[in-house]
Amino acid sequence: DAGVTQSPTHLIKTRGQQVTLRCSPKSGHDTVSWYQQALGQGPQFIFQYYEEEERQRGNFPDRFSGHQFPNYSSELNVNALLLGDSALYLCASSPGRGAGYTFGSGTRLTVV
Amino acid sequence: GIQVEQSPPDLILQEGANSTLRCNFSDSVNNLQWFHQNPWGQLINLFYIPSGTKQNGRLSATTVATERYSSLYISSSQTTDSGVYFCAVENTGGFKTIFGAGTRLFVKA
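What counts as what
Residues numbered from 1 in each chain as written. Chains lettered and ligands numbered in written order. Predicted model: local features only at pLDDT ≥ 70, side-chain atom pairs only at ≥ 80, totals over all residues. Heavy atoms only, no water. Helix = DSSP H or I, 4+ residues; strand = E, 2+ residues; numbered from the N terminus. Rg over C-alpha atoms; globule rule 2.2 N^0.38 Å. Buried < 20%, exposed > 50% of the residue type's maximum accessible area, 1.4 Å probe, protein only. Contact = heavy atoms within 4.5 Å. Areas by Shrake-Rupley, 256 points an atom, 1.4 Å probe, with all protein chains shown as cover. Lys, Arg positive; Asp, Glu negative; His and termini not counted. Charge placed at Lys NZ, Arg CZ, Asp CG, Glu CD. Pairing = 2+ DSSP bridges. Disulfide = S-S within 2.5 Å. Salt bridge = Lys/Arg side-chain N within 4 Å of Asp/Glu carboxyl O.

Participant: How would you explain the overall build of chain B if you had to name every residue and give the values?
Facilitator: When helices and strands are counted, chain B shows zero helices and 11 strands. Taken over C-alpha atoms, the radius of gyration comes to 13 Å for chain B, in line with the 13 Å a tight globule of 109 residues would show. The C-alpha extent of chain B, read off along each of the three principal axes, is 45 × 25 × 20 Å. Here chain B holds 109 residues, and the buried ones make up 50% of them. Residue pairs in contact within chain B that sit at least 24 positions apart in sequence constitute 55% of those at least 6 positions apart. Carbon and sulfur atoms make up 49% of the accessible area of chain B, which totals about 5,100 Å². Between the averaged position of the 7 positive side-chain charges in chain B and that of its 7 negative side-chain charges there is a distance of 1 Å.

Participant: Outline the pairing of strand β7 (residues 64-68) of chain A, listing residues and values.
Facilitator: Residue and element names in this part refer to chain A. By the alternation rule, side chains of β7 split into Phe64, Gly66 and Gln68, which are all buried, and Ser65 and His67, of which none is buried. In this sheet, strand β8 (residues 74-78) lies alongside β7 in antiparallel orientation, the contact comprising five bridges. When the bridges of β8 are listed, Ser65 appears paired with Asn77. Here β7 folds back onto β8 in antiparallel fashion, the turn holding five residues, of which Tyr72 has a positive phi close to 80°.

Participant: Kindly report on the state of the cysteines, identifying the contributing residues and their values.
Facilitator: Per the counting criterion, the structure on display carries two disulfides over all chains. At a sulfur-sulfur separation of 1.8 Å, the disulfide partner of Cys23 of chain A is Cys91 of chain A. Since a negative S-S torsion denotes a left-handed disulfide, the Cys23 of chain A-Cys91 of chain A link at about -60° is left-handed. Placement of the pair is Cys23 of chain A in strand β3 (residues 19-24) and Cys91 of chain A in strand β9 (residues 87-94), with a sequence separation of 68 residues. Each member of the pair Cys23 of chain A and Cys91 of chain A is classed as buried. Here Cys23 of chain B engages in a disulfide with Cys87 of chain B; their sulfurs sit 2.0 Å apart. Between Cys23 of chain B and Cys87 of chain B, the disulfide has an S-S torsion of -55° and is therefore left-handed. A residue pair is termed long-range when its members are at least 10 positions apart, and Cys23 of chain B in strand β3 (residues 19-25) and Cys87 of chain B in strand β9 (residues 83-91) qualify at 64 residues.

Participant: Tell me about the pattern of salt bridges, residues and numbers included.
Facilitator: Side chains that differ in charge, positive against negative, can pair when their charged atoms come close. Residue and element names in this part refer to chain A. Tallied over the entire structure, the rule returns five salt bridges over all chains. A salt bridge links Arg22 to Glu75, with the shortest nitrogen-to-oxygen separation between them at 3.4 Å. With Arg22 in strand β3 and Glu75 in strand β8, the pair connects residues that are 53 residues apart, well separated along the chain. Look at Arg22 and you get partly exposed, because its relative accessible area is 41%. Of the charged contacts in the structure, one is a salt bridge between Asp85 and Arg63, with a shortest N-O distance of 2.9 Å. Separated by 22 residues along the polypeptide, Asp85 in the loop between β8 and β9 and Arg63 in the loop between β6 (53-57) and β7 bring together distant segments of the chain. By the burial criterion, Asp85 is buried, and Arg63 matches it.

So, in structure tokens, the structure goes:
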């Protein structure tokens, strides 16, 4: 049983570019959340998707957007990249409210 | 929003020692999880524990929701226990998970 799968594992982008990160949830999970983890800090909640809709959003600018597909997989898009967007981006999935989250291995994004 | 505080921020142990990590949160929560992040960044779920006590091998966790805290107890620590331990809570009435800043544990051989 595959867990949460994220791609790519590493990515280097230039300031001003756009990036798309991908996540496949664990089998049986329908809820996907995205997090940004800067070096030495705890993960920060970006947003959560359920039934193809953004259900809740954290304190991130509109440059961060997402999508959830009918098969529950999800994408995180970041436009107009800044140096400060360099971080580990984590995806987590859950089978529903009141259940725990399973995390993927993350995508390490470096903006130069 | 909910504040999550973890203590201690850093901990160095000799192999075989025991330790207790603490997580305090400022408001009622729907759920609480403890994670271990390994040096490669992978977050491993240790416990889903909105209340009560659970044990898994050398690890155990207790959450007292009415007093807004949770503790993670590590017994007979091993070098492989090194890493960062995070407490994460989900706010009631919402779907946002808030992480503490973590406890960085180093176990010496």
